[in-house]
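Structural overview
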Amino acid sequence: MDFYLGLAQIIGVHTILGLSAYVVMLTGQLSLAQAGFFAIGAYVAGMLTVLAGFHIVPAMLVGAVLAGLMAFIVGFPALRVKGLMLVIATLAFGEFVRLFFFNFDYQISKGGITVGPLGGEGFRQIRFFPENGWTSLDVMLFVWAVVIIVMAALWWMDRSRAGAVLRAVGEDELAAQSAGINLTVVKVAAMTAGGFIAGLGGGIYAHYTTHIEHLNFGVILATFAIAYPILGGLSNVFGTLVAVIFIQGVLVEGLRFMGDWRNLLFGALIVLAMNVRPRGLFDERATALLKGLFTGRGHART
Amino acid sequence: MLALDGLSKHFGGVRAVDGLDLEVRQGEIFGLIGPNGSGKSTTVNLICGVFPVTTGEIRFEGRNITRAPPHVCLAAGIARTFQNIRLFGHLSVWQNLWVAQNAMADRKASGFLNRWFGGSARARQEVEALLEFAGVAAKADDLAGNLSFGEQRRLELARALAAKPSLLLLDEPAAGMNVEEVGQLRERLAKLRDDGMTILLVEHVMELVMGVTDRIAVLNFGQKIAEGTPEEIQNDPLVREAYLGAPQSAGGGNA
């Protein structure tokens, strides 16, 4: 049972991470900085609960706000470049954050033991959950409550004019600009929202693993973050959720018996999915089809 | 209303637009014609701030907008369409108009939250009126990319109007249209002018240009070679030469 609770926690946190990349991707930008924002959220929230005795909710919010602030600052210079250049620029930022935490020491003595981040050793003993008597089930429910809040907020945003504007920028920047949309404002706003969401995810992650280190937040995690919305498609937030369940539940855990061959299959499946479904598993057609199925209204219009 | 003063754009050694003076007056349809590569589309892109101006000045309603980026030009009251249609193909028809409601008046009328996350009844009514205008009301929820060519052209025009501009720049709106569609477009433009719109029309289809414009300027190699009423332009020897070639080498053409 604990295995499945743990898996549900991983899926939940990765869904939040994937959604943080989803928001940015709506504007047509590919950001490999999400793991960096995730790391900021993780370290800040962890330090607040461990060193300052915060409750996890305010700690997560502060971590998310700081991650969002960092995304806002990074957004201005990074979004002056596009496509591959943006990928490189955001990748560099993600690595910068990782290396910062690789060198970051801040330890204090608490109740006879020293706690806090210790460079390459990592940040151990983030024990808010066990200290407060949360069971695995409690933690899992907490994770999914956050997932549901984030998904509901994004679902609502998607349906608002703001969502349409983000997508318009993602479709055609020149047309969007000519229709009066300020590209910088929209892109930086999306980046900031993405940073905030990634920070939330990082805050939870730090607490359920109880031990974080810089290696947790490398390029692999950044790649996962963008792989989810790419595989799931950008039609709506559920595509990302399905992609996370598929990748984490089926590919990473389900195929564990295959050993290292798993990674090969993982790569091959991504390539296959992008060829067969270039707009993601849940493209407009699939979404309309499902909607028709559930509402019982004949065929899809798209 | 719109004044271009010695406007130039050089791409490396190519003088796409070279010292162009132009004045578009309030309430008229001004035609901008010329052979391929004469600098018409470049001029539109300069006015809208897509390309930086090399030298010269652009003034709109007394305001200098030479260096203004596209979204600032739009807020000032200049909307445009594109030579090759540029709709948001994966957004619905409705959303295409919704995202374009960026007039200064609309920005001031509603608060931040309402503007981005709400949606006033007035904004909805305006979108519906534009859907009617473009004749795509029945397809409001379809993806814009799935519309027919003619519908896409009309929707793009409606999207430009969604920003309540005072000046409309149309870059070859009749390209690819059949005779009947050109006739409809002509009526639509005439109606817009009657409602007080000023239009700068870049076009190759002479039937439309000659039928609907009040004044015309002719470009060749980035320079203005003639300006006047449609009749004057049709009888201008320089214009005939630009379109048909010099008299001794003239071998046909249908300008």
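In case you missed it, the structure is sitting above this.
Our subject in this report is the structure included herewith. (Residues numbered from 1 in each chain as written. Chains lettered and ligands numbered in written order. Predicted model: local features only at pLDDT ≥ 70, side-chain atom pairs only at ≥ 80, totals over all residues. Heavy atoms only, no water.)

**Quick look at the overall build of chain A**
A tally of regular secondary structure across chain A gives 13 helices and 3 strands. By the compact-globule yardstick of 19 Å for 302 residues, chain A fits well, its C-alpha radius of gyration being 19 Å. Seen along its three principal axes, the alpha-carbon backbone of chain A occupies a region of about 65 × 45 × 35 Å. The buried share among the 302 residues of chain A stands at 54%. Put simply, 74% of the contacts in chain A that link residues at least 6 apart link residues at least 24 apart. As displayed, chain A offers around 13500 Å² of accessible surface, 69% of which is attributable to carbon and sulfur atoms. Where the 18 positive side-chain charges of chain A centre and where its 15 negative ones centre are 10 Å apart. (Helix = DSSP H or I, 4+ residues; strand = E, 2+ residues; numbered from the N terminus. Rg over C-alpha atoms; globule rule 2.2 N^0.38 Å. Buried < 20%, exposed > 50% of the residue type's maximum accessible area, 1.4 Å probe, protein only. Contact = heavy atoms within 4.5 Å. Areas by Shrake-Rupley, 256 points an atom, 1.4 Å probe, with all protein chains shown as cover. Lys, Arg positive; Asp, Glu negative; His and termini not counted. Charge placed at Lys NZ, Arg CZ, Asp CG, Glu CD.)

**A closer look at the sheet that holds strand 3 (residues 122–124) of chain A**
Residues and elements named next belong to chain A. Within the open sheet, the 3 strands sit side by side as 1-2-3. Their pairing is antiparallel. The open sheet has two edge strands, strand 1 (108–110) and strand 3, and neither has a second partner. Averaged over all pairs of adjacent strands, the angle between strand axes in this sheet comes to 35°, irrespective of strand direction. With respect to the sheet, helix 2 (residues 34–50) is in contact with strand 1, strand 2 (113–118) and strand 3, its orientation differing from that of strand 3 by roughly 35°. (Pairing = 2+ DSSP bridges. Axes fitted to C-alpha atoms, helices over the stretch in contact; angles between N-to-C directions.)

**A word on the side chain of Arg115 of chain B**
Within the fold, Arg115 of chain B resides in helix 5 (residues 112–117). Asp106 of chain B provides the closest opposite charge to the buried, unpaired Arg115 of chain B, separated from it by 6.0 Å. Ignoring anything within four residues of it in the chain, the contact list for Arg115 of chain B reads Arg161 of chain A together with Gln101, Asn102, Arg107 and Ser110 of chain B. (Salt bridge = Lys/Arg side-chain N within 4 Å of Asp/Glu carboxyl O.)

**Looking at a nonpolar patch on the surface**
Residues and elements named next belong to chain A. On the surface, a nonpolar cluster with roughly 660 Å² of combined accessible area is contributed by Phe54, Val62, Leu66, Leu69, Met70, Phe72, Ile73 and Phe76. Turning to its location among the elements, Met70 is positioned in helix 3 (residues 56–78). On the basis of relative accessibility, which here comes to 30%, the residue Met70 falls in the partly exposed class. (Patch = residues over 30% accessible without salt bridge, like charges linked within 9 Å, V, L, I, M, F, W, Y side chains within 5 Å.)

**Focus on the packing of helix 11 (residues 237–254) of chain A against helix 12 (residues 261–276) of chain A**
Residue and element names in this part refer to chain A. Taken N-terminus to C-terminus, the directions of helix 11 and helix 12 make an angle of 145°; their axes are 10 Å apart at the nearest point. Between helix 11 and helix 12, the contacting residues are Phe246, Ile247, Leu251 and Val252 on the first element and Arg262, Phe266 and Leu269 on the second. Class assignment for the residues of the contact of helix 11 with helix 12 results in 6 nonpolar, no polar and 1 charged. (Nonpolar A, V, L, I, M, F, W, Y, C, P; charged D, E, K, R; others polar.)

**Remarks on the packing of helix 1 (residues 2–26) of chain A against helix 10 (residues 219–232) of chain A**
All names here are of chain A. Where helix 1 contacts helix 10, the axes come no closer than 8 Å and their chain directions differ by 70°. Considering their axes alone, helix 1 and helix 10 lie roughly perpendicular with respect to each other. Crossing hand, helix 1 versus helix 10: right-handed. Contacts from His14, Leu17, Gly18, Ala21, Tyr22 and Met25 in helix 1 reach Leu221, Ala225, Ile226, Tyr228, Pro229 and Ile230 in helix 10. (Parallel < 35°, antiparallel > 145°, perpendicular 65-115°, else oblique. Left-handed = near helix turned anticlockwise from the far one by under 90°.)

**Comments concerning the packing of aromatic side chains**
All names here are of chain A. Tallying each qualifying case throughout the model produces 23 aromatic pairs over all chains. Measuring from centroid to centroid gives 5.1 Å for Phe3 and Tyr4, while their planes differ by 80°, and the two rings are edge-to-face. When its relative accessible area of 55% is taken as the criterion, Tyr4 is described as exposed. (Phe/Tyr/Trp six-rings, centres within 6.5 Å; stacked < 30°, edge-to-face > 60°.)

**A closer look at the environment of Phe142 of chain A**
Residue and element names in this part refer to chain A. Its place among the elements puts Phe142 in helix 6 (residues 136–159). When the C-alpha positions of Phe142 and Ile204 are compared, they lie 9.0 Å apart, and in sequence the two are 62 residues distant. Those residues in contact with Phe142 that sit more than four places away from it in its chain are Ile56, Val57, Met60, Phe129 and Trp134.

**Looking at the interface of chain A and chain B**
Facing 25 residues of chain A, the contacting portion of chain B comprises 27 residues. For the pairing of chain A and chain B, the buried interface totals around 2500 Å² over both sides, and the portion due to carbon and sulfur atoms is 61%. Linking chain A to chain B there are 1 salt bridge. One salt bridge in this structure joins Arg86 of chain B and Asp172 of chain A, with 2.8 Å as the shortest N-O distance. Across the contact surface, chain A and chain B share 13 residue pairs in polar contact (both at pLDDT 80 or more). Here the element with the most residues in the side of chain A that touches chain B is helix 7 (residues 161–171) of chain A; it accounts for 7 residues. Grouping the amino acids of the side of chain A that touches chain B by side-chain chemistry returns 11 nonpolar, 6 polar and 8 charged. (Buried area = accessible area lost by both parts, 1.4 Å probe. Polar contact = N/O pair within 3.5 Å; in protein donor to acceptor, adjacent residues only side chain to side chain.)

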